[in-house]
Number of protein chains: 2
Amino acid sequence: MSYTAPVKDMLFAIEHLANLEQVAQLPGLEDAGLDTATAVLEESARFNEGVLAPLNVEGDRNPSSWKDGQVATTPGFKQAYAQFAEGGWQGLQHPADFGGQGLPKTIGAACVEMLNSANLSFALCPLLTDGAIEALLTAGSDELKRTYLEKLVSGEWTGTMNLTEPQAGSDLALVRTRADRQGDGTYKIFGTKIFITYGEHDMADNIVHLVLARVAGAPEGVKGISLFVVPKFLVNADGSLGARNDAHCVSIEHKLGIKASPTAVLQFGDGTPASIADSAGPGAVGYLVGEENRGLEYMFIMMNAARYAVGMQGIAVAERAYQHAVQYARERVQSRPVDGSAKASVTIIHHPDVRRMLMTMRALTEACRAMASVAAAAYDASHHHADADVRRDNAAFYEFMVPLVKGFSTEMSLEVTSLGVQVHGGMGFIEETGAAQYYRDARILTIYEGTTAIQANDLVGRKTARDGGAVARAIAAQIEQTEGELAASASDAARSMATRLAAARQAFLEVVDFVVSQLKADPNAVFAGSVPYLMLAGNLVAGWQMARALLVAEKLSAQGQDAAFMQAKIATARFYAEHILVKAPALRDEIVGGGASVMALALDAF
Amino acid sequence: MSYTAPVKDMLFAIEHLANLEQVAQLPGLEDAGLDTATAVLEESARFNEGVLAPLNVEGDRNPSSWKDGQVATTPGFKQAYAQFAEGGWQGLQHPADFGGQGLPKTIGAACVEMLNSANLSFALCPLLTDGAIEALLTAGSDELKRTYLEKLVSGEWTGTMNLTEPQAGSDLALVRTRADRQGDGTYKIFGTKIFITYGEHDMADNIVHLVLARVAGAPEGVKGISLFVVPKFLVNADGSLGARNDAHCVSIEHKLGIKASPTAVLQFGDGTPASIADSAGPGAVGYLVGEENRGLEYMFIMMNAARYAVGMQGIAVAERAYQHAVQYARERVQSRPVDGSAKASVTIIHHPDVRRMLMTMRALTEACRAMASVAAAAYDASHHHADADVRRDNAAFYEFMVPLVKGFSTEMSLEVTSLGVQVHGGMGFIEETGAAQYYRDARILTIYEGTTAIQANDLVGRKTARDGGAVARAIAAQIEQTEGELAASASDAARSMATRLAAARQAFLEVVDFVVSQLKADPNAVFAGSVPYLMLAGNLVAGWQMARALLVAEKLSAQGQDAAFMQAKIATARFYAEHILVKAPALRDEIVGGGASVMALALDAF
């Protein structure tokens, strides 16, 4: 099944919703105008459609495999990765100082989406490398930067994040991996890490593991965790590769989806003779990043970048599933139309329920893309704007958006990929059709880089309650402004959207009040509603972007610009309002009126 | 992962919601009282927990396999099937005349649930045999009954349903399989059927295929379809097996789930020399069931039985996923409680969002079980009641319930099995954990035996519009009566339920009015809302049964009966009201206010 990057819709969001023109006025981003965006997206589309998309099914049928500590990736992945690195795609958003192209996230995010639509399993490798680069840029010493950054930015080496241990999933307080100080300022790392994406593979010469561990005597809990660089091969002073480090892949997981992406169990300092023989001795050599006991703080930098990227994965797999389903619905002939408009069986895209499913898939995907695009622009402004107040406001907005982009876009991807199977009917259940792969692949997205519940906790605690709901209410005020603009339009679509948007916004505000006022008094009730709150907020903010899109499309359509595209946008926005935004008030009712019943059942009654 | 049949909850539904005492007063069902129900359910639990449940994972890892036209089922299945037949489980609900036990559906349905919880893939074989038995009982000649029924009822032979062809999925008008009349009153069948569950296997000596085909000269479309019995082996006059029939399995599918269940492509009359050599010549010998061209009518008998059973599959896999998730949530230690009630990490069942997920799983499962149980009692009354009016009313109620039991219970099973994965976090994505199997297995349930859209069309057309909404409104009136009983209770739980139930009922009534009044004027808009209507109706009727359960539990609890169970039922019912019933009004808004936007996007804009 081929993939066609939705370049036009991406550019619409970038230009009209994320306001690229304003981004391109930020210091350091002057070259990143619409021409650049168009050129980059078109080139990205060519690469992802041509090179990576055809390998997606192959990765599912012929996953990465482990033998004697080595991981062989899917045939074709190594060559594709070489082309990826060669094309400079890893460095798209990274600083020119280290060989990157320094493009804004507003443009880069669209390329990330394409990469993930083309091949979710492949895309995880660059995604993790991005995180390692972010951490080193933020907290790495000059020597670490000098040694690793150029090779990572060029894609010559890849990066990993090592958080999870068998006894410590999302609960980093339980991390046990040990870091022993050595006389030369380095550390020796001992411990086992699990769920390490691309923790071992054959696509690059070296792998730069970023590892959370405890230095002897560190405080208990999360305040005693430090971050280390642990390369697979030590690096000589001249940049060439030295001894094999004592960090080994002892197995990879057998997973429901993203099968081409190796999920490794890594043993640091296993001390087996075989590994000592060709290594720098027992224990994996590690280099401290930043200061001791500040590892969690640095890891959050990587995680925040990764969380946004996982949100993009949700949008990406939803887009691919949508395209697959549309193609099937255009070809499959089944049953007469219910309105009697034909006397013979027609392609199923004519049937209202198939149309409802396709529209749901389309509307959710476009809305989340728009939301992510707007968040990316805020990220760029928060890093580049000349005015500190503007930077701060944009940072606050972006921070609020991260759990929504991650949580809502991935939850919606479960719904969209499931609908993709359903559109195919019985054929959807047959693996050869390909629809089931998206359903399986997507299922990890609401889990890794923090489950939806963890995103929701973040939204409740750090993003809503901590400032007394100020950012949340500021967003609601902006939405109210959009409602005013909708009211000024005479169209049915705008009026329909205005009504639903207002109801969703009011529901959101009631929930914000509930969260802020009840968090201390009744934390269980508030956290019982945390995921519904995230779903309500995500639905609202994504719907708001569809409302803005509707207004833009009406204006441009009236000016005679690309009428077919603009009419499609208006129809999709209206569908979103009438079928998706309408779900918001029920979430309010559930949160505000159902806090107690979540915890009411006695533990031993389960 | 072990399975414990929820016998207590099943008996609660059977006794107090389905009113078994009344069922046991029906002519012919006098022995089917509570003692019988208890004994049968306990024996069924022993068999399914002990024999079939342990084979569930094995079936996923070591699926049925095809070689040279033969299908080898998962190791252990053949022996387990022999025990199943030996135990008389196939004949539970079938007439004593043919060796069955003649138990009411009210009791049998619970056994069907257990069978499917224990092993969904295994259970499909008896499920299809049930359908074949129903068709023969209804329309088979005495000779066909004499030849096949006892062997099917005893489980010595198994049955299949052959509807689908490559060009004709749900659209039976397109069936092309040909039946040529022979001089001796038999027919020769030629054609290819796909998606034939247990179309070939090694668990029984003979397989009785029920096949839709067209006799030469028959009318076009669904009015020219006839139903045939096509046995794998012809049956001699003395009941012994004769020649191999020219009906062969040419391949089986590679599926997302229910992998142990072989999904066959069957070739009737392939005429290859090898098959002719040991068969009765080219063409598969078939025996007409009932009259020519009435095949669809008979097939609907099988399908209606099968649709209810697939609904039970949804409940069954949801129950199993729930039990698996609860067990994990009791064991997995992660993070401190949000309410500060402990200073150390606790098992995740203490976390509100995990609790919300588990309660959602539990409430949906119990509510759908209650709904199915009540529907089963109506089925029994519709077949056994002495009064024709009562039979007719119960038949109408049951007919209304079939699309809800099938559609709503299977759609909810997708949500529940997905939540089951989510509760497991990263471990849920690892196949060895087992949670992913339910997620994969469940995915077929909203598709086979008629997709949710097909159930929804049935609900809109035959079940709602045809009688002008009379049955729908009669159900709403009964619900209103329950609201009155809730209002009479002083408890918070009853009041909370009453409010949500009333809102959901009113939403339902508005949709019924919309469907009835708009179907002719705007069929696209009505069918665009058909699945949301089904979900609203299912949510309401299942919620109504939880409301009735709440009232019973309050009464029995006040009488000092099993207080822990009754309190749990009350808590679960209240959760259902506050977290699931609350979604009903949004569905109304979507259906009534969003009909036009479903079809608004231009076809070439997709």
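Model, not experiment: these values are computed from the prediction.

What counts, and at which threshold
Residues numbered from 1 in each chain as written. Chains lettered and ligands numbered in written order. Predicted model: local features only at pLDDT ≥ 70, side-chain atom pairs only at ≥ 80, totals over all residues. Heavy atoms only, no water. Helix = DSSP H or I, 4+ residues; strand = E, 2+ residues; numbered from the N terminus. Rg over C-alpha atoms; globule rule 2.2 N^0.38 Å. Buried < 20%, exposed > 50% of the residue type's maximum accessible area, 1.4 Å probe, protein only. Contact = heavy atoms within 4.5 Å. Areas by Shrake-Rupley, 256 points an atom, 1.4 Å probe, with all protein chains shown as cover. Lys, Arg positive; Asp, Glu negative; His and termini not counted. Charge placed at Lys NZ, Arg CZ, Asp CG, Glu CD. Phe/Tyr/Trp six-rings, centres within 6.5 Å; stacked < 30°, edge-to-face > 60°. Lys NZ or Arg CZ within 6 Å of the ring centre and 35° of its normal. Domains from an automatic or database assignment. Salt bridge = Lys/Arg side-chain N within 4 Å of Asp/Glu carboxyl O. Disulfide = S-S within 2.5 Å. Axes fitted to C-alpha atoms, helices over the stretch in contact; angles between N-to-C directions. Parallel < 35°, antiparallel > 145°, perpendicular 65-115°, else oblique. Left-handed = near helix turned anticlockwise from the far one by under 90°. Buried area = accessible area lost by both parts, 1.4 Å probe. Polar contact = N/O pair within 3.5 Å; in protein donor to acceptor, adjacent residues only side chain to side chain. Nonpolar A, V, L, I, M, F, W, Y, C, P; charged D, E, K, R; others polar. Core = buried A, V, L, I, M, F, W, Y, C linked by side-chain atoms within 4.5 Å. UniProt positions renumbered as here; feature names shortened; annotations may be inferred. Least-squares fit on C-alpha atoms with pLDDT ≥ 70 in both. Expected span 1.5 Å × (residues − 1).

> Give a description of the overall build of chain A that names residues and reports values.
Of the regular secondary structure elements, chain A holds 21 helices and 12 strands. What you see for chain A is a C-alpha radius of gyration of 24 Å, in line with the 25 Å of a compact globule of 606 residues. For chain A, the spread of C-alpha atoms along the three principal axes comes to 75 × 60 × 55 Å. A buried classification covers 64% of the 606 residues belonging to chain A. A separation threshold of at least 6 residues defines the contact pool for chain A, and within that pool the share at least 24 residues apart is 75%. Split by element, the accessible area of chain A, about 20200 Å² in all, is 51% carbon and sulfur. Averaging the positions of the 50 positive and the 68 negative side-chain charges in chain A gives two centres separated by 5 Å.

> How would you explain the packing of aromatic side chains if you had to name every residue and give the values?
The description of an aromatic ring pair uses the distance of the two centres, along with the angle that the planes make with each other. Taken as a whole, this structure holds 25 aromatic pairs over all chains when the rule is applied. When the ring of tyrosine 81 of chain B is compared with that of phenylalanine 122 of chain B, the centres are 6.2 Å apart and the planes differ by 45°; the resulting orientation is tilted. Of the two residues, tyrosine 81 of chain B is situated in helix H5 (residues 77-86) and phenylalanine 122 of chain B in helix H7 (residues 120-139); the sequence distance between them amounts to 41 residues. Three or more aromatic residues link up through ring pairs in this structure, and these residues are Phe47, Phe77, Tyr81, Phe84, Trp89 and Phe122 of chain A. The ring of tyrosine 439 of chain B has arginine 443 of chain A lying over it, and the distance from NZ or CZ to the ring centre is 5.5 Å. Across the ring face of tyrosine 379 of chain B, the terminal group of lysine 105 of chain B is positioned such that the distance to the ring centre comes to 4.6 Å.

> Describe the domain arrangement of chain A, and please don't skip the residues or the numbers.
The domain boundaries assigned to chain A delineate domain 1 (7-13 + 25-154), domain 2 (158-293) and domain 3 (451-600). The gap between the C-alpha centroids of domain 1 of chain A and domain 3 of chain A is 32 Å.

> Tell me about the pattern of salt bridges, and name the residues and values.
Counting across every chain of the model gives 58 salt bridges over all chains. Note that glutamate 480 of chain B and arginine 505 of chain B form a salt bridge whose closest N and O atoms lie 3.8 Å from each other. Within this pair, whereas glutamate 480 of chain B is found in helix H15 (residues 470-488), its partner arginine 505 of chain B is found in helix H16 (residues 492-518), the two being separated by 25 residues in sequence. A residue is classified by how much of its surface remains accessible, and glutamate 480 of chain B, at 44% relative accessible area, is partly exposed. Salt bridges here are not isolated pairs; linked through shared partners, they connect Asp9, Glu113, Glu319, Arg362, Glu366, Arg369 and Lys569 of chain A.

> Explain the state of the cysteines residue by residue, including any values.
Inspection of every chain in the model, using the stated rule, returns 0 disulfides over all chains. Cysteine cysteine 111 of chain B is unpaired, with the sulfur of cysteine 125 of chain B as its nearest cysteine sulfur at 17 Å.

> Can you lay out the packing of helix H12 (residues 388-423) of chain A against helix H14 (residues 452-465) of chain A for me, pointing to particular residues and giving the numbers?
Residues and elements named next belong to chain A. Closest axis-to-axis distance for the H12/H14 pair is 9 Å, and the angle between their directions is 160°. As the angle between them shows, H12 and H14 are arranged roughly antiparallel. As for how H12 packs across H14, the hand of that crossing is left-handed. Judged by residue contacts, Glu399, Phe400, Pro403, Leu404, Lys406, Gly407, Thr410 and Glu411 of H12 engage Thr452, Gln455, Asp458, Leu459, Lys463 and Thr464 from H14.

> Now, about the interface of chain B and chain A: what can you tell me, with residues and values included?
At the interface, 86 residues of chain B touch 86 residues of chain A. Buried area between chain B and chain A, summed over both chains or domains, comes out near 7600 Å², and the portion from carbon and sulfur atoms is 61%. When residues of chain B are sorted by the area they lose upon contact with chain A, Phe429, Tyr439 and Phe606 of chain B head the list and together hold 11% of the total. The interface formed by chain B and chain A contains 30 residue pairs in polar contact (both at pLDDT 80 or more). Residue composition of the side of chain B that touches chain A, by class: 42 nonpolar, 22 polar and 22 charged.

> Could you give an account of the nonpolar core, naming the residues involved and the relevant values?
Tyr533 of chain A together with Tyr533 of chain B are the most contacted members of the largest nonpolar core, which has 403 residues in total. Not counting chain neighbours up to four residues away, the residues in contact with tyrosine 533 of chain A comprise Phe400, Leu459, Val460, Thr464, Ala472, Phe508, Val511, Val512, Val515 and Ile591 of chain A.

> Could you give me a rundown of the UniProt feature "domain: Acetyl-CoA dehydrogenase-like C-terminal" (unreviewed entry) in chain A, with the residues and numbers involved?
The residues that UniProt annotates with the feature "domain: Acetyl-CoA dehydrogenase-like C-terminal" (unreviewed entry) are residues 478-601 of chain A. Secondary structure within residues 478-601 of chain A divides into 85% helix and 0% strand; the distance between the first and last C-alpha atoms comes to 40 Å.

> A description of the relation of the copies chain B and chain A should follow, citing residues and the corresponding values.
The two copies are related by a screw operation: chain B maps onto chain A through 180° of rotation and 0.0 Å of translation along the axis, at an RMSD of 0.0 Å. A rotation of that kind, with that shift, is consistent with a two-fold axis. Relative to the rotation axis, the closest C-alpha in chain B is found at alanine 586 of chain B, a distance of 3.4 Å. Here 100% of the contact residues of chain B are again contact residues in chain A; the copies associate through an equivalent surface.

> Before we move on, can you summarise helix H18 (residues 530-558) of chain B with the specific residues and values?
Since there are 3.6 residues in each turn of an α-helix, residues three or four apart along the chain are aligned in direction. Residues and elements named next belong to chain B. Compared with an ideal rise of 1.5 Å per residue, which puts 29 residues at 42 Å, H18 spans 42 Å between its outermost C-alpha atoms and is within 8% of the ideal. The buried count for H18 comes to 26 of 29 residues, which makes it a mostly enclosed element. In the stretch just after H18, glycine 560 is the one whose phi turns positive, near 80°.

> Describe the side chain of arginine 548 of chain B, and please don't skip the residues or the numbers.
Residues and elements named next belong to chain B. Within the fold, arginine 548 resides in helix H18. Here arginine 548 sits buried without a salt bridge, and the closest side chain of opposite charge, glutamate 485, lies 6.7 Å off (N-O distance). Apart from residues lying up to four places away in sequence, arginine 548 is in contact with His16, Leu17, Asn19, Val374 and Thr482.

> How would you explain unusual backbone geometry if you had to name every residue and give the values?
Residues and elements named next belong to chain B. Positioned with a positive phi, tyrosine 198 is a non-glycine residue whose angle comes to about 50°. Following the sequence through the fold, tyrosine 198 ends up in the loop between strand S5 (187-197) and strand S6 (207-215). Judged by its relative accessible area of 0%, tyrosine 198 is buried. Backbone geometry places asparagine 293, a non-glycine residue, at a positive phi of 70°. One can find asparagine 293 in the loop between strand S12 (284-289) and helix H10 (295-331).

> Talk me through the environment of alanine 24 of chain B; I want residue IDs and the actual numbers.
Residues and elements named next belong to chain B. Within the secondary structure, alanine 24 is located in the loop between helix H2 (20-23) and helix H3 (34-52). Along the sequence, alanine 24 and serine 240 sit 216 residues apart, while their C-alpha atoms lie 39 Å from each other. Each residue touching alanine 24, except ones within four places of it in the same chain, is listed here: Leu29, Glu30, Ala32 and Gly33.

> Explain the packing of H12 of chain A against helix H15 (residues 470-488) of chain A to me, and be specific about the residues and the numbers.
Each packed pair of helices is defined by two parameters, the angle between the axes and the distance between the axes. Residue and element names in this part refer to chain A. Between H12 and H15, whose axes approach to 10 Å, the crossing angle comes to 95°. Relative to H15, the element H12 lies roughly perpendicular. Across the interface between the two elements, Ala396, Phe397 and Phe400 of H12 pack against Val471, Ala472 and Ile475 of H15. Broken down by class, the residue content of the contact of H12 with H15 amounts to 6 nonpolar, no polar and no charged.

> How would you summarise the side chain of glutamate 449 of chain A if you had to cite specific residues and measurements?
Position of glutamate 449 of chain A relative to the elements: it lies in the loop between helix H13 (435-442) and H14. In this structure, glutamate 449 of chain A is buried with no salt-bridge partner, the nearest side chain bearing the opposite charge being arginine 307 of chain A at 5.5 Å.

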